[in-house]
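# Understanding the architecture of this molecule
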Amino acid sequence: MLNKAVRFDVATAAIKGGRDYQEDSLIANFPQGQETGFAVLADGMGGHLSGDVASAIVMSEVFGDIKRKEMSLDKQITDVSALLCSTAAAANACVAQYIDETPDSYGMGATLLACVIRGDDLYWVSVGDSPLFLFRDGELRQLNQDHSMAPQIDMMVKVGAMDPEVGRNHPDRNTLTSAIAGVEIAKIDCPDTPTTILPGDIILVASDGLQFLSNDAIADILQKTQDARSADITEALLSAINDLADPEQDNAAFSVIKLGARDQVNMPKPADATSALVQLRADLGHSPAAATENEEEIAADTVTEEPTEAREPIDIPTKRVIRLVTSQALSFDRPAVAAKEGAASAEKTNPQGGHGSWYRRQRSSND
């Protein structure tokens, strides 16, 4: 049983907030009449070190990779998780190449959040702290992992090891533990098993600028506007951000995806990937005999990664800002500072800090 059509109601928005420039890049692709759609978001880091360029590179590379596979995705041939994981590596390679060709851009990077909806399945890949939210039955939950120090700090608050006010304003909250920065990616969240979605669900693909609003505030807005168009929901979220009037408001970009009812028709389900490819090539007017030439590509698409379990975040509003630096300190008692011994030699061999580097988004009105 495959879908004849999927009703997507999608709207996107982006604001600069209190910044002088926009470093968030976002694109959504949900064609009417297809059962597959996807969105890609990248939140640039680095400020004057080309964070806007980094986000554009990551977004465009991932979008292009998925778009080229769009027809095979719709025909249910491609392993979606394997494809998404490979796009992260490809985007990272593109950032590394740009840094090699443009030495002044050392230190730039971006988060990545890409999700694919195919039928009743939601897949995603994420690196960094851009949240993927699911709103269902009045409850808002974050599906993907937060690759920053915020979850660890929130856990310390939860168990009583840190005062809530200290945790709320801790200088290490926004220190990223993974990013697309042209070096080895420390953490990638890309589960093999998709999340099942239902008609009436609302999905939010967002940069962390949206999280100047608390989770409770976002859930309350979605509860009040869940029967409205996605464009109206987007407007309500933007109005709530503007009402905060926070001078440190970060760039915010997000896509609201409302899932409607699906019309279904009986269609023959392919027995395996090869027969599906034969059908696909027939639809395109190619000879079925040529299908075997693509078996290696199919095999490559079916490579999977071990699934990771997303942590449940603590709902503490944070202030997110956008300057990329490295940090060696692990202390929760004071702001992280670069280690003096060995830092010089490490910088020479790897200007971005290499594997294990932490990327801090410091608060600065001039960044």
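Residues numbered from 1 in each chain as written. Predicted model: local features only at pLDDT ≥ 70, side-chain atom pairs only at ≥ 80, totals over all residues. Heavy atoms only, no water.

## Overview of the pattern of salt bridges
Threshold: Only one rule defines a salt bridge in this text: a Lys or Arg side-chain nitrogen within 4 Å of an Asp or Glu carboxyl oxygen.
According to the stated counting rule, one finds eight salt bridges in the structure shown. Residues Lys67 and Glu70 are paired through a salt bridge, measuring 2.7 Å at the closest nitrogen-oxygen approach.

## Some details on helix H7 (residues 230-244)
The line we're drawing: Going along the chain from the N terminus, every DSSP run of H or I of four or more residues is numbered as a helix, and every run of E of two or more is numbered as a strand. A helix is expected to span 1.5 Å multiplied by its residue count minus one. Three exposure classes are used, based on accessible area relative to the maximum for each residue type with a 1.4 Å probe and protein chains only: buried under 20%, partly exposed in between, and exposed over 50%. Note that the arc is defined by the directions from the helix axis to the C-beta atoms.
Here H7 spans 22 Å end to end across 15 residues, near enough to the 21 Å set by a 1.5 Å rise per residue. Of all the positions in H7, only Ser230, Ile233, Thr234, Leu237, Leu238, Ala240 and Ile241 are classed as buried. For H7, the buried positions fall inside an angular range of 155° around the axis, keeping them on one side. Away from its buried face, by an angle of more than 90 degrees, H7 presents the exposed residues Asn242 and Asp243. Ala245, located one to two residues past H7, shows a positive phi value of around 50°.

## A short note on the side chain of Ser55
The line we're drawing: The contact rule is simple, with two residues in contact once any of their heavy atoms fall within 4.5 Å.
Structurally, Ser55 is set in helix H1 (residues 51-68). Apart from the residues within four sequence positions on either side, Ser55 is in contact with Glu23, Asp24, Ser25, Ala42, Asp43, Gly44 and Ala110.

## Regarding the nonpolar core
Defined as follows: In this text, buried Ala, Val, Leu, Ile, Met, Phe, Trp, Tyr and Cys residues form a nonpolar core when linked through side-chain atoms within 4.5 Å.
Core analysis: the biggest nonpolar cluster contains 29 residues, and Val40, Val58, Val62, Ile66, Leu84, Leu112 and Ala114 have the highest contact counts within it. Those elements giving two or more residues to this core turn out to be strand S3 (36-45), H1, helix H3 (80-101), strand S5 (112-118) and strand S6 (121-127). No other element matches the eight residues that H3 contributes to this core. Excluding its chain neighbours within four sequence positions, the residues that come into contact with Ile66 are Phe38, Val40, Leu73, Leu83, Leu84, Thr87, Ala114 and Val116. In this structure, Ile233, Leu237, Leu238 and Val256 belong to the second largest nonpolar core, which totals 22 residues.

## Focus: the packing of helix H6 (residues 215-225) against H7
Spelled out, the test is: Axis definition: a line fitted to C-alpha atoms, limited for helices to the stretch in contact. Angles are taken between N-to-C directions and run from 0 to 180 degrees. Note on convention: the crossing is left-handed when the near helix lies turned anticlockwise from the far helix by less than a right angle, right-handed when the turn is clockwise. Three residue categories are used. Nonpolar comprises Ala, Val, Leu, Ile, Met, Phe, Trp, Tyr, Cys and Pro, charged comprises Asp, Glu, Lys and Arg, and polar comprises the others, including Gly.
One way to put it is that H6 packs onto H7 with a least axis distance of 10 Å and a crossing angle of 145°. Viewed along their axes, H6 and H7 form a crossing whose handedness is right-handed. Contacts between H6 and H7 involve Ile218, Ile221, Leu222 and Thr225 on the former and, on the latter, Ile233, Ala236, Leu237 and Ala240. Partitioning the contact of H6 with H7 into residue classes produces seven nonpolar, one polar and no charged.

## Side note on helix H4 (residues 150-158)
Looking only at H4, the buried set comprises Ala150, Pro151, Ile153, Asp154 and Val157. Angularly, the buried residues of H4 cover 160° about the axis, an arc narrow enough to put them on a single face. Elements that come into contact with the buried residues of H4 comprise helix H5 (164-168). Looking one or two places after H4, you find Gly160, whose phi comes out positive at around 85°.

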